[in-house]
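Working through the structure, step by step
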Amino acid sequence: MSLVGIMRGSQTAGRHSGIISSVHPFNKALLPLGLLVLVLTSASPGFHFFLLVMLFSFLFYARMPLSLLARRMVIPAFIVFSFLLVNTLQYGDTVILSLSAGGVEAAFYREGLLRGAFTGLRVFSAVTALILFSQVTTFREMLSLAKSLRIPLTLVELVVYTYNFSFYLGEEASRIMAAQKLRLGHRNRWSLLSSYGTMGGMIFIRSYDRAGKINRAQKLRCYRGKLYLPAVAPLKRKDYYHLSLVLVIILLLGTCSILGFV
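Residues numbered from 1 in each chain as written. Predicted model: local features only at pLDDT ≥ 70, side-chain atom pairs only at ≥ 80, totals over all residues. Heavy atoms only, no water.

What about a nonpolar patch on the surface?
Rules: Each patch groups residues whose relative accessible area exceeds 30% and which form no salt bridge, using 9 Å between like charges and 5 Å between nonpolar side chains of Val, Leu, Ile, Met, Phe, Trp and Tyr. Surface exposure here means Shrake-Rupley accessible area, sampled with a 1.4 Å probe, where a residue is shielded only by the protein chains that are shown. The salt bridge criterion pairs a side-chain nitrogen of Lys or Arg with a carboxyl oxygen of Asp or Glu, the two atoms within 4 Å. Every helix listed is a DSSP run of H or I at least four residues long, and every strand listed is a run of E at least two residues long, numbered separately from the N terminus.
Side chains of V74, I75, F78 and I79 sit close together on the surface and give an oily, nonpolar patch of about 440 Å² of accessible area. Structurally, the position occupied by V74 is in helix α4 (residues 74–90).

In structure tokens, the structure reads:
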């Protein structure tokens, strides 16, 4: 039985994959994986800055909406800011700013600032590489890669259910929030917090009921735990050209990082 076929077309990832739609999924996955290896192994701030600019250029070329990119970068930005603040307060000897309030003194160190900024560049580069992969690869292609890489079927099945369920939870939250607004559930701060708490409980209960319905529907359709996954297409001649190009890009970037060109 196909769990992939029940997903709507608007729910698949990679809506901006038209720029490299002809590229094989294996080549699409190889480039971000290679970039992640370079991010983890390179110790050059200039290289990470260059890599980040290159990745953002690819995203803009892919016509990814800036609002969507900003939303996906909120959590990484918060983590980077927290790490930068902790490093600036704890590491270093050169004080660049000193504050005192209520008998408590806080000093900001230059070495900690540079250390936190470098870590932030690495985090942003890694996250941007994964975002680029998600924007140019459809969910069906990701499942094909999972099958070809022999990832455990149980893990893939959980991913498929979670992916489908996330849209259902979002729709339920939107409906409940609209109903609460019509009943003046958001008229002030306290009613807003109470409405959010109620919405969380309702979503949990409805998601539990929905899971039971899906389980019964799967059994009625003779589902016995064998998940159907689309097969990945074999590599063709043009795919080997693309593979060679990806490897050349990774090797050139790795050489530039090692030799310190950027």
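Read on, since the account is not over.
Thoughts on the pattern of salt bridges
This is how the line gets drawn: We call a residue buried when its accessible area falls under 20% of the maximum for its residue type, exposed when it is over 50%, and partly exposed in between, using a 1.4 Å probe and counting protein chains only.
One pass over the full model with this rule turns up 3 salt bridges. Between E141 and K28 there is a salt bridge, and its shortest N-O distance comes to 3.2 Å. With a gap of 113 residues between them, E141 in helix α6 (residues 139–148) and K28 in helix α1 (residues 25–41) connect regions that are remote in the sequence. When its relative accessible area of 18% is taken as the criterion, E141 is described as buried.

Considerations on the nonpolar core
Generally speaking, nonpolar side chains in soluble globular proteins are found buried as a group. For clarity, the cut-off: Only buried Ala, Val, Leu, Ile, Met, Phe, Trp, Tyr and Cys residues count toward a nonpolar core, and they belong to the same one when joined by side-chain atoms within 4.5 Å. Should any heavy atoms of two residues lie within 4.5 Å, those residues are counted as being in contact.
Formed by 21 residues in total, the largest nonpolar core has its most connected members in L35, L51 and L253. Residue assignment for this core shows that the elements contributing at least two residues are α1, α2 (45–61), α3 (66–72), α5 (110–136) and α9 (237–259). Beyond its immediate sequence surroundings of up to four residues, L35 is in contact with L51, L55, A129 and L253. Counting residues in hydrophobic clusters, the runner-up holds 9 residues, among them A146, V156, Y223 and L227.

Observations regarding the confidence of the model for the protein chain
We count it as follows: Confidence scores here are pLDDT values: one per residue, from the predictor, ranging 0 to 100.
On average, residues of the protein chain carry a pLDDT of 78, and 90% of them reach 70 or more. Across residues 1–19, confidence stays below pLDDT 50; counting only partners more than four residues off in sequence or on other chains, it has 53 contacts.

Re the packing of aromatic side chains
Two measures describe an aromatic ring pair: the distance that separates the ring centres and the angle between the ring planes. To be explicit about the condition: Whether two aromatic rings pair depends on their centres lying within 6.5 Å, for rings of Phe, Tyr and Trp, where Trp uses its six-membered ring; planes under 30 degrees apart make the pair stacked, over 60 edge-to-face, and the rest tilted. To sit over a ring, a charge needs its Lys NZ or Arg CZ within 6 Å of the ring centre and within 35 degrees of the ring normal.
One pass over the full model with this rule turns up 3 aromatic pairs. The interplanar angle of 10 degrees and the centroid separation of 4.0 Å between the aromatic rings of F139 and Y163 together place this pair among those described as stacked. One end of the pair, F139, is in helix α6; the other, Y163, is in helix α7 (residues 153–182), with 24 residues separating them in the sequence. Taking the centre distance of 5.2 Å and the plane angle of 75 degrees together, the rings of Y163 and F167 count as edge-to-face. Remark: F167 and Y163 occur in helix α7; sequence separation between them is 4 residues, near one turn of the helix. F167 gets classed as partly exposed once you look at its relative accessible area, which sits at 27%. A network of ring pairs unites the aromatic residues F139, Y163 and F167 as a single cluster. The ring of Y91 has R115 sitting right over it, with the charged end atom 4.2 Å from the ring centre. Looking at R210, its charged tip hangs above the ring of Y168, at a distance of 4.6 Å from the centre.

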